[in-house]
Amino acid sequence: MANITFINEQKEVIAADGANLREKALQNGVDLYTLKGKLMNCGGYGQCGTCIVEIVEGLENLSEPTEFEQRKLKKKPSNYRLACQTIVNGPVSVKTKP
């Protein structure tokens, strides 16, 4: 099991290993998007890059960044991920809208 802690929202979510970070956030009422993202997000298909999150702890418990993530986040810190492209395999702490 993977515990996902959303720091800004002070919410902890329990997920099965292999869960998609974006899906678990939305299922549990965690808002990932700024205004622009709310209007223009791609619905989790990895095309827009608006679901950026900061991984505070547990980076080693996530899937490897996809090629799209690497391109979209190349000027961001290495602990930034796209929630829609991230698979959770263990405990992780996340800051939304970094």
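What counts as what
Residues numbered from 1 in each chain as written. Predicted model: local features only at pLDDT ≥ 70, side-chain atom pairs only at ≥ 80, totals over all residues. Heavy atoms only, no water. UniProt positions renumbered as here; feature names shortened; annotations may be inferred. Salt bridge = Lys/Arg side-chain N within 4 Å of Asp/Glu carboxyl O. Helix = DSSP H or I, 4+ residues; strand = E, 2+ residues; numbered from the N terminus. Buried < 20%, exposed > 50% of the residue type's maximum accessible area, 1.4 Å probe, protein only. Disulfide = S-S within 2.5 Å. Pairing = 2+ DSSP bridges. Contact = heavy atoms within 4.5 Å.

- The name given to the protein chain in an unreviewed UniProt entry is (2Fe-2S)-binding protein, and the organism recorded there is Spirulina subsalsa FACHB-351.
- Taken directly from UniProt, the Cofactor (unreviewed entry) text for the protein chain runs: "[2Fe-2S] cluster".
- Under the UniProt heading Sequence similarities (unreviewed entry), the note attached to the protein chain is "Belongs to the adrenodoxin/putidaredoxin family."

1. Section: the pattern of salt bridges
- Throughout the structure, instances matching the rule amount to 3 salt bridges.
- Among the salt bridges present, the one from Asp31 reaches Lys97, with a minimum N-O distance of 3.4 Å. One end of the pair, Asp31, is in the loop between helix 1 (21-27) and helix 2 (35-40); the other, Lys97, is in the segment after strand 7 (92-96), with 66 residues separating them in the sequence.
- According to the relative accessible area criterion, Asp31 is partly exposed, its value standing at 27%.
- Between Arg81 and Glu69 there is a salt bridge whose closest N-O contact spans 2.7 Å. Placement of the pair is Arg81 in strand 5 (residues 80-82) and Glu69 in helix 3 (residues 67-72), with a sequence separation of 12 residues.

2. Digging into the state of the cysteines
- According to the stated counting rule, one finds 0 disulfides in the structure shown.
- Residue Cys84 stays outside any disulfide, its sulfur separated by 3.7 Å from that of Cys51, the closest cysteine.
- Take Cys84: its relative accessible area is 9%, and that puts it in the buried class.

3. Brief notes about the pairing of strand 7
- Most of strand 7 is tucked away: 4 of the 5 residues are buried.
- Two strands pair when backbone bridges link them, and strand 1 (residues 2-6) and strand 7 are joined in this way by 3 bridges, in the parallel orientation. Bridge assignment links Phe6 to a residue of strand 7, and that residue is Val94.
- Two strands pair when backbone bridges link them, and strand 4 (residues 52-57) and strand 7 are joined in this way by 4 bridges, in the antiparallel orientation. Bridge pairing in strand 7 links Glu57 to Ser93.

4. Describing the environment of Ile7
- Topologically, Ile7 is positioned in the loop between strand 1 and strand 2 (11-15).
- The class of Ile7 is partly exposed, set by a relative accessible area of 31%.
- Sequence separation of Ile7 and Ser93 is 86 residues, and the distance between their C-alpha atoms is 6.7 Å.
- Contact partners of Ile7, with chain neighbours within four places excluded, come to Val56, Ser93, Val94 and Lys95.

5. Overview of the environment of Pro65
- Along the polypeptide, Pro65 turns up in the loop between strand 4 and helix 3.
- Taking the relative accessible area as the measure of exposure, Pro65 reaches 33% and is therefore partly exposed.
- The spacing of Pro65 and Pro91 is 26 residues in sequence and 17 Å in space, taken between C-alpha atoms.
- Discounting residues that sit within four places of it in the chain, Pro65 has contacts with Gln70 and Arg81.

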